[in-house]
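# Coordinate inspection notes
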Amino acid sequence: MNMKTFVFTLTATMLASLTIAEDSLMDGGRSPDGHYEVRLARTPNYDIINDSSEYSFQIHAKNKEKPLFTLPGSGFRGYSVAKGYCKALWSQTSRFVVIVERDTRHTTEIYIVDVSSDGAKRLEIPDYVQNALGRVNATSIDFACVSTPKRWDGDDLIVGLYFTANGRHSYTCDVTLHLYHEQDSESSVGLKNVNKPKEDEA
């Protein structure tokens, strides 16, 4: 096999592998009632040069192939690596799920999705990071910002927040987000509480 043929074969094999449909159940992805799953799906026909992400998050109803909801990933890491750090945490009622992913080397992003038999939608989250920054007399993150969903307490979501500010001083605090979902109104997320951030000792 000459070099041209070898390169062509290798390129074709790589492209073929990128088009294979693949998904996996995320850590914490199955809802408590067993009716829904959050899956990490490899993006079909992924273009490594022009595409922004090799994966997406998909919410599936039980025994349904077509997803109720699809959310593109950040694209910071590829599908295989993302399987190890993307996680989901469902509310006890199986109505809401929070998804967390690493969007840069030193930051994470969380998404909250409202799920029902009629479909699913992403909810806007109040800027709790800016609120926490204000409590340490800062206006911006200077290095790291990591949100870790800890638990659901009824309609409250407790999130652990770690961030650096004021010359890379490290702070931690808990944030409480409240999910509002009255029968005849749109679901929404409110900021219930941000604890005073504690500075970590060096």
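Let me sum up the structure you'll find in this document.

## What about the overall build of the protein chain?
- Scanning the protein chain for helices and strands turns up 3 helices and 13 strands.
- The 202 residues of the protein chain split such that 40% are buried.
- For the protein chain, the proportion of contacts with a sequence separation of at least 24, taken over those separated by at least 6, is 46%.
- Approximately 11,700 Å² of the protein chain is accessible, and the part contributed by carbon and sulfur atoms is 50%.

## Description of the layout of surface pockets
- In this structure, the largest pocket occupies an estimated 230 Å³ of space.
- Lining the largest pocket are 15 residues, and of these Glu109, Ile110, Ile125, Pro126 and Tyr128 sit closest to its centre.
- Residue assignment for the lining of the largest pocket shows that the elements contributing at least two residues are strand 7 (107-116), strand 8 (119-123), helix 3 (128-134) and strand 9 (145-153).
- No other element matches the 5 residues that strand 7 contributes to the lining of the largest pocket.
- Class assignment of the residues belonging to the lining of the largest pocket gives a composition of 9 nonpolar, 2 polar and 4 charged.

## What to know about the pattern of salt bridges
- Applying the stated criterion to the full structure yields 10 salt bridges.
- Across the pair Asp156 and Lys192 runs a salt bridge whose closest N-O atoms are separated by 2.7 Å. Pair noted here: Asp156 is in strand 10 (residues 156-165) and Lys192 is in strand 12 (residues 188-194), with a separation of 36 residues, a long-range link.
- Here Asp156 falls in the buried class, since its relative accessible area comes to 10%.
- Connected through salt bridges with shared partners, the residues Asp23, Arg30, Glu37 and Arg39 form a single ionic network.

Criteria and thresholds
- Residues numbered from 1 in each chain as written.
- Predicted model: local features only at pLDDT ≥ 70, side-chain atom pairs only at ≥ 80, totals over all residues.
- Heavy atoms only, no water.
- Helix = DSSP H or I, 4+ residues; strand = E, 2+ residues; numbered from the N terminus.
- Buried < 20%, exposed > 50% of the residue type's maximum accessible area, 1.4 Å probe, protein only.
- Contact = heavy atoms within 4.5 Å.
- Areas by Shrake-Rupley, 256 points an atom, 1.4 Å probe, with all protein chains shown as cover.
- 1 Å grid on protein atoms, 1.4 Å probe; cavity = no way out; pocket = protein on both sides within 12 Å on 5 of 7 lines; lining within 4 Å.
- Points joined across faces, edges and corners; volume = space filled by probe spheres on them.
- Nonpolar A, V, L, I, M, F, W, Y, C, P; charged D, E, K, R; others polar.
- Salt bridge = Lys/Arg side-chain N within 4 Å of Asp/Glu carboxyl O.

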